[in-house]
Amino acid sequence: MGGHPQAGTLHHVEINVSNLERSVQFWGWFLETLGYTKYQEWDQGVSWKLGDTYLVFVQTEERFLDAPYHRQGTGLNHIAFYARSKTQVDIITEELRSREVPILYQDRHPYAGGQDHYAVFFEDPDRIKVELVAPKEELEELT
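Residues numbered from 1 in each chain as written. Predicted model: local features only at pLDDT ≥ 70, side-chain atom pairs only at ≥ 80, totals over all residues. Heavy atoms only, no water.

Participant: Teacher, can you tell me more about the environment of Pro125 here?
Facilitator: With respect to the helices and strands, the residue Pro125 is situated in the loop between strand E6 (119-123) and strand E7 (129-133). A C-alpha to C-alpha distance of 7.1 Å links Pro125 and Arg22, two positions 103 residues apart in sequence. Residues within four places of Pro125 in sequence aside, it is in contact with Arg22, Ser23 and Phe26. (Helix = DSSP H or I, 4+ residues; strand = E, 2+ residues; numbered from the N terminus. Contact = heavy atoms within 4.5 Å.)

Participant: Is there a simple way to explain the pattern of salt bridges in this structure?
Facilitator: Between side chains of opposite charge, a pair can form as their charged atoms come close. One pass over the structure, following the stated rule, counts 9 salt bridges. One salt bridge in this structure joins Glu41 and Lys38, with 3.6 Å as the shortest N-O distance. Its relative accessible area of 56% is what places Glu41 among the exposed residues. With a shortest N-O distance of 2.7 Å, Arg97 and Glu94 are connected by a salt bridge. Here Arg97 and its partner Glu94 are both found in helix H2 (residues 86-98), 3 residues apart, which amounts to about one turn of the helix. (Salt bridge = Lys/Arg side-chain N within 4 Å of Asp/Glu carboxyl O. Buried < 20%, exposed > 50% of the residue type's maximum accessible area, 1.4 Å probe, protein only.)

Honestly, that's just the spatial picture; any functional story needs more than this.
Written out as structure tokens, the structure reads:
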């Protein structure tokens, strides 16, 4: 094996953002809560890394800012992360609320993905949908 990442494992995801400072504030606390550490930082971007995978956030160039992102258009719909537990999903949900980040699908929360899918759905400052889902094994223990 030689310490190489498994073939097919995600290497990184790069996301262009409309306001880098605002996105750093939003994503920094969330990713660090999940165990990511700041990896790279430069004038127009920043990244956080967990294991061999990292997420990069780059300031969108001025000439492209007039075309806003919409998750129902072509491109990324949402990005989902595993939580450590249902409890972590609940703690982060409360932190999101304290930061006045709207929780999506409030009427079905935390089972918006179905009865066997405990998660919180929310949007980043550019309205990219984010999901934090509890491990399935924990849900199976409850049934």
